[in-house]
Every structure is written in C-alpha cells, then in structure tokens.
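What follows is the residue order along each chain.
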Amino acid sequence: MPRPTALYEIQPQVSQSVHELLSIPQGSGLKEFVVAMINGSVALNKRVLNREELNQSLQSHVVPGSGGESSKGLSTANSMISRRVQELESVGSMRIYPEYREIAGKRRKCTVHQLNNLSGVLAHLQAAANKSPSPQGRPKLNDLVVYSEFLEGKGITRLEGEGDVVPYTEGAFGILEAAARSRADKEKLINCRYFIKKNDYVDITTATSTKEGAGIMYSSDQRVIQALNGMLKQANDDKQSDLFNDPAPAKMINEYCFFDIYELTREIGLVSNVKENRDNVLRMVERLKDTQFSVDATQSEYWRQRYMPDSRFTKGDYSYITEFYSAEDWYERVDEDGQTTQLMEERYFVVKFHPLIFNAMTSPQLAFISHDSLKRERLDLVHRLNNWVKPTVGVRDKGYGRDHHRYTLDIFHQRVRPSSRLDNFERQFYNVARRQDEMEDQEPHAESVRFQYDEKGKLIPNGVFWLNGYYYQLELNKELAEEIYRKTRTLKKRRLKTYPVITIWRDRHDEIVGDNSAHNLALRRQMQALLEPEE
C-alpha cells in the first residue's frame, strides 16, 4: 500500500497576518519555516502545496548567514520538516489529519498539514524572546532529546510518523492477544486455553511483570502495537530502499528504537498537543511493557515450530517490549487564568521489541498489513476479531465454500476470546454489529444486509455487516445451530438458550485482503514467474 500523499494547506487568514510574524526581530528556524511556507503559497498562487512544492519553497527561502557564513536555503530533510510540523501542532497553529482528496483525477488518501493560525507561533516566539532559553534550575536537555534526528548515527533506530504510517500485525502476538483484557474485564491474572487448530492449542497465562497498577494490556492497546509495528517496518523499508543506489553492504536497522510520544499520539488519531491524550498513550505503552504472557505449548506443534527457539522447547515467556528507557522534556501548562507553568513529562523513549516483532517487521512475508482504521479503533473486540479472522479465514482464496467458517455465537466466543465471559462477549459483538450497520449509510458495502431493530431499539440478529475486509452474517436458525452443536459434539453441553449462527467470509474486493490486494497480486506474480519456462 502506497504512503498517503502529504499536503500542506495555508488558510487565507494566515497569509493576511504574516506581517506580525515578520515584525519579530529574533531569528528562529520555526519562524523561517512558516514564512517560507506562506511565501511559497503566495508565489505559486496555491493554498495547498504538495511535498515537492514545499521543498522548492524552503530551498528558495534565503536565510542570512551568521558569523560570516553565507546565506542559504532551509533544510528539506524529512526529519527537519517532521520536526517543524510537530512544533506547529504543539503550539496550536497547525492541524494534522487524514483525508481523501481528488488529485489528478484520482481519489487519494492524504495527510493534510493545515496551517490555520499564527497566534500560537507568535505567542511561542514572543515568550522565547522574553526569557532565557534555560530558566534558573532548568537542566539542559540531554543528547537523546536535543539531537533526536541524529540518533541513527548513534546506533538507535528512529521511528517516525506524521499520522500516515501503514499499520502492521505479527502472528505470535496476534494469538497472545486472545488473553488480553477487554474493558469489561477487571482480572489481574488471566488463564486462557486457545485453540490454534482442531487438536493444537496453547495455554496462556497473562499477568503484569513490574509496575504496580499498570494492569494487563487491553485489546484496544493494539492501536499502539499497530502504529509502532508500522513505524518500525517503515524505518526498515526506508533503510533498504537506499541499497539500490549504495554499493556498500546492506546494514540492518538497530534493534534499539527511539520514538517521540507526540508522534505516536498522532499516529493513533489523537491530537498530540493535548496533555490528556499523551498521558493516555503513555499508559498504553506502560501496559504493553508490563504485560507478560506465559505460554505452555506442550500441545501445540504449530507454536513450537514457529515461535520457540527450537521445537523441543515447550514453555516460554513473551513481552511486546523487552527493554524500556525514557527521557523527560519541558512542556507548558496554561491555567484557567491564562498563566503558564513550566512542567516536565516523559516524552522520548528508547525501547527494544521482542525478537519476534523485530524479525517480522524486518523480514519479507512475516508482517501482515492492516486496515488504517485499526490504528484509531477503540473497541477491544474489533482488534480481537482482526487478529483471529486473518489467519483463520485467510487473506486469499482457499477454495472453500462461503459456509466453511460457520459457528454459533457461544462456540465463536470460545474460538475467538475464551478468556472473557460469554455475556460480555455477546454484548460487545452486538455493539460492533450495530455500529457497523449504522456506518453503512456513509460507506455501503456490496454484500452487507441491514439489520432490523425491535421496539426497544435492540438489534435483531438477522443481517450481514462488514468489518475490516470480512463479512459477518448473523441469523436466528435453530436447526442450523443444533447441526453445528452435533458436528462439534457440544450438543449435550448446551444451555436452554440457542445462540445465533455466525457465518464469516472474505470481501474479495477489499484493498487489504481482497483478490487484487498488493499481497495477492504479489503472490500471483511470484507463481507466474515460477511457471514460466527458463530460456
């Protein structure tokens, strides 16, 4: 999947007030960046600049040299532009958001950087001019913070993002997430038997390892996993893309990775200059760091062969983040009376991912692309369904009939999320169905069938909803349900209640898991190459 197109939009009121910015005598890289951006918009007579046009505007903006140095244009490096737009967002002058736009007659996904006011920049620059850069008692920032763009040279991989990173998952932690918490679960210790195949299962015990009160990860914390995985894969792909023009031997990215909480917050669809949002993301990271999965794979040849150092090992412990370091930075809190206070917060992090994650994001065919919406998805069950449905139903045609994946809701619960209570799972599943059904008004799908609701507004389980590349059909069919109970030898265990039947199939037209997805097209090209006779 190609990266979203970066666009830089200047609102009309910004151009009209640029004289206020120019009246500030002090030089500033941020000030020059904004002036160059506005001048480029005026020179090209365009409110919206693409990345190439922004680069031209920065290069043509001449900044007087200091200390005898000659005048030169502004940097067009990815790291520097990323840093400037983050600064603008943090002071409230820029809004960064994803949006589909028409470009050259085609509908493309874009990341829009909208410069909508200069008040935040002006206040920031004026405040900086009226006080020393290091107030008394304020320590100098360490090298990790000041020279973040040079961390790769220090042997640390920088994970970057502007809200446009493609999310990815990995197989082992997709299974382990079955033993994560949902919002309705309060357990501090979770025991779960998860069936990978018919007679192949793992026993998973989930607990917290260190920080008191951090709690076991929620399934919705997968938002951060999806984003960090995508940032890691993007860093590796960018590194490998240079190999075609570099005769030097290939260099793997370093296993220690650096990220900024502001960028991670934006990647999962939250406004990064809101302190509460950053705190929420930090709590997600802490849960991922402190959640430990203990696996007994005695009865799972599948797990032992794929996720153990050797298939003779039967037990292991897994954590998404195995090492964790943080550095603080200053931020300003504005009180109700308008007074500002300088405070410290954890902002910069160096982490080491579990080797399974690192290997998957740096090796072909081990990372699984996800729908972009999963980075912003807050419902726990949606993440659990995504991690279950891809390996089970699959992402390509396996020659099965549509009814191959058919379950009653209670059996489906045991397959997908055995660690949760059945009544919680049933309620959450209906909530997902209702939400997706309502979304059909804006984004209809070819095979969806709208649900009906009773006089109390309760969903009647007779319909089809679409979710992240798969269709889920619900139907009240007692005869079919009893047939499923007989086939699974669970008829005698049934309660008086007969649950709805769920049938799941792949959307063959979906951009991620459909027949013409990038993954399936690559497989067809590979197969064609194998079948072609050698000359």
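Residues numbered from 1 in each chain as written. Predicted model: local features only at pLDDT ≥ 70, side-chain atom pairs only at ≥ 80, totals over all residues. Heavy atoms only, no water.

### Digging into the overall build of the protein
Logical step 1: Counting its secondary structure elements, the protein contains 18 helices and 20 strands.
Logical step 2: Out of the 535 residues belonging to the protein, those deemed buried represent 48%.
Logical step 3: Considering only intrachain contacts with a sequence separation of at least 6, the fraction spanning at least 24 residues in the protein is 68%.
Logical step 4: With the model as given, the accessible surface of the protein reaches about 27900 Å², and the carbon-plus-sulfur share is 48%. (Helix = DSSP H or I, 4+ residues; strand = E, 2+ residues; numbered from the N terminus. Buried < 20%, exposed > 50% of the residue type's maximum accessible area, 1.4 Å probe, protein only. Contact = heavy atoms within 4.5 Å. Areas by Shrake-Rupley, 256 points an atom, 1.4 Å probe, with all protein chains shown as cover.)

### A few points about the packing of aromatic side chains
Logical step 1: Summed over the entire model, instances satisfying the criterion amount to 21 aromatic pairs.
Logical step 2: Ring centres 6.5 Å apart and planes at 80° place the aromatic pair F173 and F293 in the edge-to-face group. Of the two residues, F173 is situated in helix α8 (residues 171–176) and F293 in strand β10 (residues 291–296); the sequence distance between them amounts to 120 residues. Taken individually, F173 and F293 each receive the classification buried, so the pair is uniform in this respect.
Logical step 3: Between Y302 and Y307 the ring centres are 6.4 Å apart and the planes differ by 70°, which places this aromatic pair in the edge-to-face class.
Logical step 4: Overall, Y307 belongs to the buried group, its relative accessible area being 13%.
Logical step 5: Members of the aromatic cluster, joined through ring pairs, are W388, Y407, F412, F425, F429, F451, F465 and Y472.
Logical step 6: Lying across the ring of Y302, R306 places its NZ or CZ 3.8 Å from the centre.
Logical step 7: Sitting above the plane of the W505 ring, R402 keeps its charged end 4.2 Å from the centroid. (Phe/Tyr/Trp six-rings, centres within 6.5 Å; stacked < 30°, edge-to-face > 60°. Lys NZ or Arg CZ within 6 Å of the ring centre and 35° of its normal.)

### Here we look at the sheet that holds strand β9 (residues 256–260)
Logical step 1: Sheet architecture is open: four strands sit in the order β5-β9-β13-β12, paired in mixed fashion. Single-partner strands in this sheet number two, and they are β5 (157–158) and β12 (321–334).
Logical step 2: Taken strand by strand, helix α11 (residues 275–290) contacts β9, β12 and β13 (340–353), and its axis lies near 165° from that of β12. (Pairing = 2+ DSSP bridges. Axes fitted to C-alpha atoms, helices over the stretch in contact; angles between N-to-C directions.)

None of the figures reported here should be taken as evidence of function without further support.
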